[in-house]
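# Secondary and tertiary structure notes
Each chain, letter by letter, is given below.
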Amino acid sequence: MKLWMFRCQDVTQKISRSFDRPLPLGHRLAIQMHLMMCRYCARFQRQLVMLRKISRIEDEHRSSDDAPQKLSDATKRRIKEKLRSIR
Amino acid sequence: MQEPSQLNADAWVDLYADALFNFARARVKDRAIAEDLVQDTFLAAVQSKARYKGESSEKTWLFGILKHKIIDHYRKNKYIVHIQDFADDPDRMEAFFNDKGGWQSRPAHWSNNPGKAHENKEFLDHFFRCLSGLPKRTADVFAHREIDGLSTAEICTLLGITENNCWVILYRARMLLRKCLELVGYTPRIKGHEA
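This is a predicted model, so every value here is computed, not measured. (Residues numbered from 1 in each chain as written. Chains lettered and ligands numbered in written order. Predicted model: local features only at pLDDT ≥ 70, side-chain atom pairs only at ≥ 80, totals over all residues. Heavy atoms only, no water.)

### Looking at the packing of helix α4 (residues 73-85) of chain A against helix α2 (residues 31-47) of chain B
Close contact between α4 of chain A and α2 of chain B brings their axes to 10 Å; oriented N to C, the two are set at 30 degrees. Between α4 of chain A and α2 of chain B, the interaxial angle falls into the category roughly parallel. In this structure, α4 of chain A meets α2 of chain B at a crossing whose hand is right-handed. On the side of α4 of chain A, the interface is formed by T75, R78, I79, K82 and L83 of chain A, while α2 of chain B contributes E35, D36, V38, Q39, F42, L43 and V46 of chain B. A class-by-class count of the residues in the contact of α4 of chain A with α2 of chain B yields six nonpolar, two polar and four charged. (Axes fitted to C-alpha atoms, helices over the stretch in contact; angles between N-to-C directions. Helix = DSSP H or I, 4+ residues; strand = E, 2+ residues; numbered from the N terminus. Parallel < 35°, antiparallel > 145°, perpendicular 65-115°, else oblique. Left-handed = near helix turned anticlockwise from the far one by under 90°. Contact = heavy atoms within 4.5 Å. Nonpolar A, V, L, I, M, F, W, Y, C, P; charged D, E, K, R; others polar.)

### Details of unusual backbone geometry
For K78 of chain B, which is not a glycine, the phi torsion comes out positive at approximately 55 degrees. Its place among the elements puts K78 of chain B in the loop between α3 (58-76) and α4 (84-87).

### Section: the nonpolar core
Core analysis: the largest hydrophobic core is formed by 72 residues, its most contacted members being F42, F127 and L131 of chain B. At nine residues, helix α1 (residues 6-27) of chain B tops the list of elements feeding residues into this core. Not counting chain neighbours up to four residues away, the residues in contact with F42 of chain B comprise I79 and L83 of chain A together with W12, V13, Y16, A17, L20 and L62 of chain B. Membership of the second largest hydrophobic core comes to eight residues, among which are V141, L150, C156 and C166 of chain B. (Core = buried A, V, L, I, M, F, W, Y, C linked by side-chain atoms within 4.5 Å. Buried < 20%, exposed > 50% of the residue type's maximum accessible area, 1.4 Å probe, protein only.)

### Observations concerning the state of the cysteines
All names here are of chain B. The final tally for this structure, using the stated rule, is one disulfide over all chains. Residue pairing for C130: its cysteine sulfur links by disulfide to C180, the two sulfurs lying 2.1 Å apart. When the S-S torsion is -80 degrees, as for the bridge of C130 with C180, the disulfide is left-handed. In this pair, C130 sits in helix α5 (residues 117-133) while C180 sits in helix α8 (residues 163-183), placing the two residues 50 residues apart along the sequence. Overall, the relative accessible area of 1% leaves C130 in the buried class. (Disulfide = S-S within 2.5 Å.)

### Observations regarding the confidence of the model for chain A
In this model, chain A carries an average pLDDT of 88, and 86% of its residues clear a pLDDT of 70 or more. Averaged over each element, pLDDT in chain A is lowest for α4 of chain A (93) and highest for helix α1 (residues 8-18) of chain A (96). (pLDDT = per-residue confidence, 0-100.)

### Details of the packing of aromatic side chains
All names here are of chain B. Counting across every chain of the model gives nine aromatic pairs over all chains. Between the aromatic rings of F23 and F128, the centroid separation amounts to 6.0 Å while the plane-to-plane angle is 75 degrees, which identifies the pairing as edge-to-face. Within this pair, whereas F23 is found in helix α1, its partner F128 is found in helix α5, the two being separated by 105 residues in sequence. For the pair F23 and F128, one class covers both residues: buried. Here a set of aromatic residues connected by ring pairs shows up, and it is made of F23, F63, F127, F128 and F142. Taking the ring centre of F23 as reference, the NZ or CZ of R27 above it sits at 5.2 Å. The ring of Y79 has R129 lying over it, and the distance from NZ or CZ to the ring centre is 4.0 Å. (Phe/Tyr/Trp six-rings, centres within 6.5 Å; stacked < 30°, edge-to-face > 60°. Lys NZ or Arg CZ within 6 Å of the ring centre and 35° of its normal.)

### A word on the environment of V38 of chain B
For V38 of chain B, the location among the structural elements is in helix α2. Owing to a relative accessible area of 0%, V38 of chain B belongs among the buried residues under this scheme. Taking the C-alpha atoms as reference points, V38 of chain B and A173 of chain B, separated by 135 residues in sequence, lie 27 Å from one another. The contact partners of V38 of chain B, leaving out residues within four places of it in the chain, are L71 and I79 of chain A together with A17, L20, F21 and A24 of chain B.

### A short note on a nonpolar patch on the surface
All names here are of chain A. A cluster of nonpolar side chains, namely M33, M36 and M37, defines an oily patch on the protein surface of about 420 Å² accessible area. Here M37 shows up in helix α2 (residues 25-37). Relative accessible area serves as the criterion here: at 69%, M37 is assigned to the exposed category. (Patch = residues over 30% accessible without salt bridge, like charges linked within 9 Å, V, L, I, M, F, W, Y side chains within 5 Å. Areas by Shrake-Rupley, 256 points an atom, 1.4 Å probe, with all protein chains shown as cover. Salt bridge = Lys/Arg side-chain N within 4 Å of Asp/Glu carboxyl O.)

Written out as structure tokens, the structure is:
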């Protein structure tokens with residue numbers, strides 16, 4: 001298939017793959033060309049970035065009136081004892 | 001198998017239990033269930049300590065285990081979003097595209113601001129429910145890649161699939177997740193607004 005003939009279906013596959021391994025230069029350029037013309041595939045790419053970011057969130061930012069939830073000391077002791085018991 | 005020292009396991013609890021609990025508590029309403037998820041996370045961590053290769057930080061590793069536990073919990077309790085039309089038949093990728101390879105239903109503009117607490121909370125809730133609603137194998141591959149940060153080569157070894165198969169599954173997973181997030185109301189502020 002000619003690089004300039006990439007359809008949205010092909011482009012989205014390649015964009016997805018680019019999140020897992022580097023693409024050949026020709027494909028990268030063809031994707032960039034396509035993205036300049038196609039806002040929907042550009043959205044798709046940004047959405048994959050969001051999916052990656054959201055997957056890796058650990059500490060949730062909370063507003064100041066919403067204090068982080070904590071475990072009680074008793075619960076922590078219980079968990080430590082449980083961990084000891086399985087060794 | 002390598003045993004972690006008790007000091008190590010105790011230190012994990014002191015260092016990470018609150019952060020893990022805070023995250024779990026935001027995902028499940030019941031305090032006791034959130035506590036159980038955290039405890040199960042530490043139990044699994046101690047049991048699989050030998051598999052921890054130190055490529056990610058201990059904290060990221062523990063959070064990965066917790067997120068898998070949350071997905072299992074959602075799946076078990078059917079607290080999921082299942083987008084049946086697309087998810088059931090592995091060959092129905094074309095449902096997203098017309099026969100000319102153009103978009104059948106076009107991606108919406110997402111107005112999410114990752115810096116805003118309440119937007120993150122809502123987005124994360126939807127995200128976990130959508131992920132839990134995917135076919136198990138599809139969800140597992142996505143979680144190993146994006147949550148655990150494994151390479152596709154590592155996922156192949158772990159799950160006994162080919163790397164090509166892995167890419168195909170990841171493509172499906174991403175396509176289904178973004179569609180699911182749009183369907184469950186993770187909607188743009190202004191529909192059709194320019195991205």
